Amino acid sequence: MWTRPHRARTRRLAATAAAATLALVAGELAHVWRRGRAPLPSGTRDLVRGGGIAARETVEVLRAGYRSGSADETALLNLFVAFGGTFGAARAVTHAIRRGSGPFGNVHIGRRHIHHFVPGIALALGAGGASIAFRHQAVDRWLALPFGAGAALIIDETALLIELEDVYWSDRGGVSIDVAFGATSLLAVLALVARLLRRGEALVLPGPAG
């Protein structure tokens, strides 16, 4: 079982990840607000109206940056987003199963428990094989989604594959591995999104960059 220090460390890392994401969103919103068409706030009404305009322009910037990116950059972003989202979802679902809450439950075929690295292997191999077969950049950017999701499901149970026993909830359950890959995914997404936003701003917002 996880000890209290391990749980505390995991919570701190989760808080750090959330803070980094919120900082990126807030920073970009403020940047677009200064450079875009939204009026600078002088009262509550201007704050609400300007915030709505700035939020819409930020979404427009994000979409423009995504669409203008190279196929390789878009595929990499899709891969890391799918990896991070699936990793978080897998952890949330397994916690819900362990607590007995929600509609989730373990999957069994006969008396054998099917761990989630099994569909992960199928997703990763299927997407990788399709990418090799099609050899088309427009397809690769979408195949990166199931590939990233499959990789996350496999990585989440790396300790089980190494130990050859179910150590998912023990100290040997790969907390350090989870943290390393989770942090790598988060940092990669933030770096790619920051580049995407800068490119989108050049296409959407008027005037020179501030």
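Reading guide: rules and limits
Residues numbered from 1 in each chain as written. Predicted model: local features only at pLDDT ≥ 70, side-chain atom pairs only at ≥ 80, totals over all residues. Heavy atoms only, no water. Helix = DSSP H or I, 4+ residues; strand = E, 2+ residues; numbered from the N terminus. Buried < 20%, exposed > 50% of the residue type's maximum accessible area, 1.4 Å probe, protein only. Contact = heavy atoms within 4.5 Å. Salt bridge = Lys/Arg side-chain N within 4 Å of Asp/Glu carboxyl O. Axes fitted to C-alpha atoms, helices over the stretch in contact; angles between N-to-C directions. Parallel < 35°, antiparallel > 145°, perpendicular 65-115°, else oblique. Left-handed = near helix turned anticlockwise from the far one by under 90°. Nonpolar A, V, L, I, M, F, W, Y, C, P; charged D, E, K, R; others polar. Phe/Tyr/Trp six-rings, centres within 6.5 Å; stacked < 30°, edge-to-face > 60°. 1 Å grid on protein atoms, 1.4 Å probe; cavity = no way out; pocket = protein on both sides within 12 Å on 5 of 7 lines; lining within 4 Å. Points joined across faces, edges and corners; volume = space filled by probe spheres on them.

**Notes on the overall build of the protein chain**
(1) Moving on: In terms of helices and strands, the protein chain carries seven helices and two strands.
(2) Moving on: Each helix and strand of the protein chain, ordered N terminal to C terminal, gives the series α-α-α-β-β-α-α-α-α.
(3) Moving on: Residues classed as buried in the protein chain amount to 35% of the 210 residues present.
(4) Moving on: Long-range pairs, those at least 24 residues apart, make up 70% of the contacts in the protein chain between residues at least 6 apart in sequence.

**Here's the deal with the pattern of salt bridges**
(1) Moving on: Within the structure shown, the criterion is met by two salt bridges.
(2) Moving on: Of the charged contacts, one joins Glu73 and Arg199 as a salt bridge, the two residues approaching to 2.9 Å between their closest N and O atoms. Of this pair, Glu73 sits in helix α3 (residues 71-99) while Arg199 sits in helix α7 (residues 175-204), and the two are 126 residues apart along the sequence.
(3) Moving on: A salt bridge links Asp156 to Arg91; the shortest N-O distance between them is 2.7 Å. Of the two residues, Asp156 is situated in the loop between α5 (137-155) and α6 (158-163) and Arg91 in helix α3; the sequence distance between them amounts to 65 residues.
(4) Moving on: Given a relative accessible area of 1%, Asp156 falls into the buried group.
(5) Moving on: Judged by relative accessible area, Arg91 falls into the buried class, the value being 11%.

**Quick look at the packing of helix α4 (residues 117-134) against α5**
How two helices pack is summed up by the angle between their axes together with the distance between the axes.
(1) Moving on: Contact geometry of α4 with α5 gives a least axis separation of 7 Å together with a crossing angle of 155°. The angle between α4 and α5 falls in the class roughly antiparallel. In this structure, α4 crosses over α5, and the sense of that crossing is left-handed. Here α4 contributes Phe117, Pro119, Gly120, Ile121, Leu123, Ala124, Ala127, Gly128, Ala130, Ser131 and Phe134 to the contact with α5, which in turn contributes Val139, Asp140, Leu143, Pro146, Phe147, Ala149, Gly150, Ala151, Leu153 and Ile154.
(2) Moving on: Among the residues forming the contact of α4 with α5, the class breakdown is 16 nonpolar, four polar and one charged.

**Some thoughts on the packing of α3 against α5**
(1) Moving on: Between α3 and α5, the least distance of the axes is 7 Å, while the angle of their chain directions is 30°. Considered as vectors, α3 and α5 are oriented roughly parallel to each other. For the pair α3 and α5, the crossing hand works out as right-handed.
(2) Moving on: Grouping the amino acids of the contact of α3 with α5 by side-chain chemistry returns 16 nonpolar, five polar and three charged.

**Description of the packing of aromatic side chains**
(1) Moving on: As enumerated under the stated definition, the model contains one aromatic pair in all.
(2) Moving on: Here Phe83 and Phe87 contribute two aromatic rings whose centre-to-centre distance is 6.1 Å and whose plane-to-plane angle is 10°, an arrangement assigned as stacked. With a gap of four residues between them, Phe83 and Phe87 both fall in helix α3, about one helical turn apart.

**Notes on empty space enclosed by the protein**
(1) Moving on: This model, assessed by the stated rule, comprises one cavity of 30 Å³ or more.
(2) Moving on: Gly65, Tyr66, Gly69, Glu73, Thr74, Leu77, Leu192, Leu196 and Arg199 together form the lining of the largest cavity.
(3) Moving on: Residue assignment for the lining of the largest cavity shows that the elements contributing at least two residues are α2 (44-68), α3 and α7.

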